[in-house]
Amino acid sequence: MHRTMASSAETQKTAGAEGSRQWFERAKRVLAGGISSSARATTAGALPHPIYIERGAGSRIWDVDGNEYLDYLLSYGSIILGHGDAGLAVAASAQLDSGTMFGTCNIVEVELAEQLCGMVPSLELVRFANSGSEAMCGAIRAARGHTGKSKILKFEGHYHGWVDVLAVSNRPALAEAGAFEAPNSQAHSRGTPAGVVGDVIICPWNEPAILRAILDRHEGELAAVVAEPIVANNACVMPEPGYLELLREECTRRGIVLIYDEIVTGFRVATGGAQELFGVAPDLSVFSKALGGGLPISAFGGTRRIMDAVAANTVKHGGTYNGNPLCAAAALHTLRVLADNDVRARMNNVGEAIIDGIRRSAADCGVPCVVQGLGTMFQVIFGLTKSPRHYREVLPANTKRYAAFQTALLRSGLHVNSSGLACWFVSAAHDADDVRITIAAIDAAMRSVA
Ligand code: PLP
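Quantities reported herein were computed from a predicted structural model and do not represent experimental measurements. (Residues numbered from 1 in each chain as written. Predicted model: local features only at pLDDT ≥ 70, side-chain atom pairs only at ≥ 80, totals over all residues. Heavy atoms only, no water.)

S.K.: Where do I start with the overall build of the chain in this structure?
M.R.: When its secondary structure is counted, the chain shows 16 helices and 14 strands. Its C-alpha atoms give the chain a radius of gyration of 22 Å, near enough to 22 Å, the size a compact globule of 450 residues would have. Dimensions of the chain, computed from C-alpha atoms along their principal axes, come out at roughly 60 × 55 × 45 Å. The buried share of the chain, reckoned over its 450 residues, is 55%. (Helix = DSSP H or I, 4+ residues; strand = E, 2+ residues; numbered from the N terminus. Rg over C-alpha atoms; globule rule 2.2 N^0.38 Å. Buried < 20%, exposed > 50% of the residue type's maximum accessible area, 1.4 Å probe, protein only.)

S.K.: Quick question: what am I supposed to make of the packing of aromatic side chains here?
M.R.: The description of two aromatic rings rests on the distance between their centres and on the angle between their planes. One pass over the full model with this rule turns up seven aromatic pairs. Aromatic pair Phe155 and Trp205: ring centres 4.9 Å apart, planes at 75°, arrangement edge-to-face. With Phe155 in strand 5 (residues 151–155) and Trp205 in the loop between strand 6 (200–203) and helix 8 (208–217), this residue pair connects regions lying 50 residues apart in the sequence. This pair shows no difference in class: Phe155 is buried, exactly as Trp205 is. Summarising the aromatic geometry, the rings of Phe155 and Tyr243 are spaced 6.3 Å apart at their centres and angled 70° between planes, so their arrangement reads as edge-to-face. Highlighted residues: Phe155 in strand 5 and Tyr243 in helix 9 (residues 243–254), separated in sequence by 88 residues. In this structure, Arg55 is placed above the aromatic ring of Trp62, and the distance from its NZ or CZ to the ring centre is 3.9 Å. (Phe/Tyr/Trp six-rings, centres within 6.5 Å; stacked < 30°, edge-to-face > 60°. Lys NZ or Arg CZ within 6 Å of the ring centre and 35° of its normal.)

S.K.: In this structure, what is going on with the environment of Glu262? I would like to understand it.
M.R.: As for its placement among the helices and strands, Glu262 is situated in the loop between strand 8 (257–261) and helix 10 (273–278). Residue class for Glu262 comes out buried when judged on its relative accessible area of 0%. For Glu262 and Ala299, which are 37 residues apart along the polypeptide, the C-alpha to C-alpha distance reads 10.0 Å. Of the polar contacts made by the side chain of Glu262, one reaches the side chain of Thr265; its length is 2.7 Å. (Polar contact = N/O pair within 3.5 Å; in protein donor to acceptor, adjacent residues only side chain to side chain.)

S.K.: Looking at this structure, I do not really get the sheet that holds strand 12 (residues 377–382). What am I missing?
M.R.: In a beta sheet, neighbouring strands are held together by backbone hydrogen bonds and run either parallel or antiparallel to one another. The sheet built from three strands is open, its strands ordered 11-12-14 with antiparallel pairing. The open sheet has two edge strands, strand 11 (369–374) and strand 14 (424–425), and neither has a second partner. Across six bridges, the pairing between strand 11 and strand 12 is antiparallel. Pairing of Leu374 across the sheet is with Met377, part of strand 12. (Pairing = 2+ DSSP bridges.)

S.K.: Any chance you could explain the sheet that holds strand 10 (residues 298–302) here in plain terms?
M.R.: Here we have seven strands laid out as an open sheet, ordered 4-10-9-8-7-5-6, and mixed in their pairing. The sheet terminates laterally at strand 4 (125–129) and strand 6, the two strands that pair on one side only. Between one strand axis and the next, the sheet turns by 20° as a mean value, whatever way the strands run. When strand 5 meets strand 6, the two strands line up parallel, connected through four bridges. Its bridge partner lying in strand 6, Lys154 is registered against Ile202. Sheet contacts for helix 4 (residues 107–119): strand 4 and strand 10; angle to strand 4, the most-contacted strand, approximately 125°. Helix-sheet contacts for helix 5 (residues 132–147) involve strand 4, strand 5, strand 7 (222–227), strand 8, strand 9 (284–287) and strand 10, and the interaxial angle to strand 8 is about 175°. (Axes fitted to C-alpha atoms, helices over the stretch in contact; angles between N-to-C directions. Contact = heavy atoms within 4.5 Å.)

S.K.: Would you explain the site of the ligand in this entry?
M.R.: Taken together, Ser131, Gly132, Ser133, Tyr159, His160, Gly161, Glu228, Asn233, Asp261, Ile263, Val264 and Lys289 make up the full set of residues near the ligand. Tyr159 places a main-chain nitrogen or oxygen 3.2 Å from a nitrogen atom of the ligand. One of the side-chain nitrogen or oxygen atoms of Asp261 is found 2.6 Å away from a nitrogen atom of the ligand. Contact with the protein chains covers 83% of the free accessible surface of the ligand, which is 390 Å². In terms of residue class, the shell around the ligand is made up of three nonpolar, six polar and three charged. (Near = heavy atom within 4 Å. Areas by Shrake-Rupley, 256 points an atom, 1.4 Å probe, with all protein chains shown as cover. Nonpolar A, V, L, I, M, F, W, Y, C, P; charged D, E, K, R; others polar.)

Pasting the structure below:
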């Protein structure tokens, strides 16, 4: 029997109750740290262990203790159609019945590539992979293969996955981050080779003069400039007007490959991702998350000029699971749904109503904060009164207040990202009823942290 969510925010969840605690104890005996991804250690915020989720339907999920939550984590934005989408289930089940992988070519990957290239005009040729990190590696190798250079310019605080190639200065501590105009390249993890870190040049986001100076210092050395066009991993910091245009101009002028990491923004902020929203196309782009609607699939691709080396196999890219028909069928269904602008407009309206709700609630309670992003992905930052422009302006945020807010929300049945540096996502399954419940929960949580 599931304890269901009353339509009132007053319902207190018993998140972190006995069932989740016991599963975590059991998990720790066989899974390193009890988890399968480092980020999951803290997904429950202040709780001493993660919440174990048993099932999801639409906008909601249920934990092993029978608590129901409205889900705004949505597997970091992957579950864009909502949990257990019926159309996706039909597409994936049909493929399950006819075989999941053959290790050779299949029809669905071709149809999916056509759909993808049709939705994102800068894509002339694509390749599929299985995770965002993996597809980022493909894009970086394609850029290096094309230019014959090895250095990459990456922005401080942007996240492109856990793999060595780009896991540098993801969220460096200020004490180790170096000078603002010439940040240190800080390995995200022990075990990263110094040579790989040395190939990643770090630059602050939204700072045109510093960008030009760093590009000048590394003239002739850079294979690529890589960016999250909307910085999902920095509380949705937006590009300042003209900044993407500047990146485009400088990369073109200097013969550097411009790569957009659209792993979060792809198909979410516009049919053709952030590049469509802002009207500035990169040379290569990388997609995942919303692409698979919850199944593991990713893609990298771009202009024929650069991808031809991948096509000719002089730049190698492989993978047993690449373009497997099971994930491709789920992705094809998901993209066909997302090709309809009305779907995203509805998601956007839901998110905008929640953003308004947070702003109004904070104003009523006298809690200083900014809410930034768009209707389908956004974040509230406590303690700031103007939108931060880059990573170091996000750092002074009041993280204790965000943690208390998130804990209060969880108790009232809202599952949001426990990190104030990441963001909240809306799915196509969230509706007006969810908005009403969400805003009531936000009001109560805001009062509790005021
Ligand atoms: N790029 C961005 C912008 C991301 O948010 C993520 C994951 O959260 C990645 C890359 C890495 O993707 P994955 O976790 O699928 O390897």
